[in-house]
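# A structural walkthrough
For reference, the chains in residue letters:
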Amino acid sequence: MNDNIIQKINEETNIVDLVSEFVQLEKRGKNFMGLCPFHQENTPSFSVSPEKNIAVCMSCKEGGQPLTFYSKIKNIPFSQAIYELGERLGLKVEHQKAKKDPNEKYYQMMEEASLFYQFSLKNTKQGQNALTYLEKRNINQTLIEQFQIGWSPKEIDALYLLLRDKGYNVSDMIALGLVKQNDEGNYYDLFRSRLVFPITNPQGKVVGFSGRTLDKNEQVKYMNSPETPIFKKGEVLYHFHESQSEVRRQNKIILYEGFFDVLASHKSGLTHSVATMGTALTENQVKLIKNNVNEVIIAYDGDQAGKSSAIKASDLFLKNQMKVSILNIPNKLDPDDYVKKHGEASYRELFKTNVVDPYEFRYLNAIEHKDLKNALHINDLKRELQAVFRYADPNIKKLYENKITKELGLQIALTGRLVTNYPEPNDPFIVQKPIIDSIGINKYTWTELTLLGEVLQRPDYLRYILDKLNFHEMSDHRMIIIFEKIAETYQTYESDKIDLEHFMKTYPEYNDILNKVINHIDWKEKKTFKNLDEIDESIHLINVVYKEEEELKDLLKQITEITDQADKHSMLKRITELQNSKQKKWGS
């Protein structure tokens, strides 16, 4: 790029006018001042000098001449900034692209579809009904336009006909999940009679849609675009691109589960927010966030399902060495419902009073609904808390031991040797599971290895196992990491089977576990699960049966020390239930 062009653009672009597009400025003497768009602050420190034609933050030092400022604020390459600002000045600037994007035709079609849905919302009778629904949910016109919300007409092929008339290829419509073909060969729209939310990639291109039905009798509440050449659900976050300016300013991000939660957050003035679109958080989404900021607040639903998802998500962030906290929303409300019930100011206040670290969140979740006068509840609490703090730093364990004693009046031992890499067999915080065969493999470890062997041989049930299995109950805490590495490998190489030799060379730290899989009889005989029922049975064994056996062992130890007859009767009843359950499952 010609240096004279760069100099000319920097000299002729009015820095005050340019910065004013993104920052509210006030004149202070010869200069203008505003809140820095690159970090969070309460006192304006972003200085704009008309004399020097430069804008720089006095605090974080971000900014520069017009081209530098524009490329940073828009998060675009410097060459793109030259082209865009040069075009404003009427300069002929060659817009050099390293390589034409092969997906450009797809992006154009998705943009056409998005504009069509937006037009249908504002200009059709069906759309008026949808607008009424949005108004009842306190979604105003500004938010509708900001989030580009649309409406897909009930007509079977409205979008297909529009795109066909504009010259688009029907095979591309099908490839993007906009249109399908029935057995008679007729084409029809995938999204019909639904509110439509466009999903953009990190560069701001529309890559997919999610449609919400307004029909209470419709079983499928949300319908998403299928996986396409440009849309991989686990690699994007809803409203990620659009939130980037505020995310950079706040230097943190709020993670939600759903679209309306993000809308509620924006209404409340918390615009550094994105969503996972109601699915489990993935490694790729974590990396997407980490590439921009290192701090995240998880704001999932306040019910038990939301809390469990928040705990799993926090584990992923912690594994990636990120600073993570969780918003504890009271009364089992989701963020959108909380705003509707208590108002925007009250919701903002939650971020001052109810944001806690992952350990505190787990602790509060464990003690919730526990009757501390009931021996069984105390026993459950003890096991839950010991599982929560099993791999915590000794200082954290000691902190919570004191907290438990002070707040609950209980003595629960959590402290012990810090596990710095992975637990050894004699680690006092790893529950030793009963050995039931001659080679030292018990039924639980056997099941773990069977599940691991299954996903190494094929990916069919991998996502299901990751979502359902309680990895805290497994014999080795590295299991969750191995399963996730397997998921990453499948996604990277798009293979239908893991090359175990290559996998073991890539991750030698897990070879002790993988060697057990190789020596497992099911692996040698290439056995796999026949259906989900078999998978569920194995997951149930680890998630439930093992916990019940450990509970039974604890109760049998404790009952000899119980003097209160009511507690003793309650314990005996529970022991009988567990023994009957064990006999029914295993006949022993």
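Residues numbered from 1 in each chain as written. Predicted model: local features only at pLDDT ≥ 70, side-chain atom pairs only at ≥ 80, totals over all residues. Heavy atoms only, no water.

## Regarding the pattern of salt bridges
What counts here: Here, a salt bridge means any side-chain nitrogen of Lys or Arg that lies within 4 Å of a carboxyl oxygen of Asp or Glu. Helical segments are the DSSP runs of H or I of at least four residues, strand segments are the runs of E of at least two, and each set is numbered from the N terminus. With a 1.4 Å probe rolled over the protein chains alone, any residue whose accessible area is under 20% of its type maximum counts as buried; one over 50% counts as exposed, and the rest are partly exposed.
Scanning the model with the defined rule gives 27 salt bridges in all. Glu 368 serves as the salt-bridge partner of Lys 307, at 2.7 Å between the closest nitrogen and oxygen. Separated by 61 residues along the polypeptide, Lys 307 in helix 13 (residues 304-319) and Glu 368 in the loop between helix 16 (358-367) and helix 17 (375-388) bring together distant segments of the chain. According to the relative accessible area criterion, Lys 307 is buried, its value standing at 8%. The salt bridge involving Arg 362 is made with Asp 315; its shortest N-O contact spans 2.4 Å. Here the residue Arg 362 occupies a position in helix 16, and Asp 315 occupies one in helix 13, the gap between them amounting to 47 residues. Arg 362 gets classed as buried once you look at its relative accessible area, which sits at 8%.

## Remarks on the packing of helix 19 (residues 443-457) against helix 23 (residues 511-518)
Keep this limit in mind: Angular values range over 0 to 180 degrees, each being the angle between N-to-C directions of two axes fitted as lines to C-alpha atoms, with helices fitted over their stretch in contact. Should an angle fall under 35 degrees it is called roughly parallel, over 145 degrees roughly antiparallel, and 65 to 115 degrees roughly perpendicular, with every other angle called oblique. In this description, contact between two residues means that some pair of their heavy atoms is separated by no more than 4.5 Å. Residue polarity is assigned by list, with Asp, Glu, Lys and Arg as charged and Ala, Val, Leu, Ile, Met, Phe, Trp, Tyr, Cys and Pro as nonpolar; anything else, Gly included, falls into the polar class.
It is at 9 Å that the axes of helix 19 and helix 23 come closest, and there the two elements cross at 85 degrees. Taken together, helix 19 and helix 23 sit at an angle that is classed as roughly perpendicular. On the side of helix 19, the interface is formed by Leu 449, Leu 452, Gly 453 and Leu 456, while helix 23 contributes Ile 513, Leu 514, Lys 516 and Val 517. Among the residues making up the contact of helix 19 with helix 23, the classes are represented as six nonpolar, one polar and one charged.

## What about the nonpolar core?
Which entries qualify depends on this criterion: Each nonpolar core is a collection of buried residues, namely Ala, Val, Leu, Ile, Met, Phe, Trp, Tyr and Cys, held together in the definition by side-chain atoms within 4.5 Å.
In this structure, Ile 149, Leu 178 and Tyr 347 are the most contacted members of the largest nonpolar core, which totals 58 residues. Of the residues forming this core, the biggest block, eight residues, is contributed by helix 5 (residues 104-123). Aside from chain neighbours lying at most four places away, what touches Ile 149 is Gln 118, Leu 121, Leu 134, Ile 139, Ile 144, Leu 195, Val 196, Phe 197 and Leu 263. Counting residues in hydrophobic clusters, the runner-up holds 31 residues, among them Leu 452, Leu 456, Leu 514 and Phe 529.

## Some thoughts on the sheet that holds strand 5 (residues 63-64)
Basically, it comes down to this: Any two strands between which DSSP finds at least two bridges are classified as paired.
Sheet architecture is open: five strands sit in the order 1-2-3-4-5, paired in antiparallel fashion. Here the strands that pair on one side only, and so sit at the sheet edges, are strand 1 (26-28) and strand 5. Here three bridges tie strand 2 (residues 31-34) to strand 3 (residues 46-49), and the two strands are oriented antiparallel to one another. From the neighbouring strand, Gly 34 faces strand 3, where its bridge partner is Phe 46.

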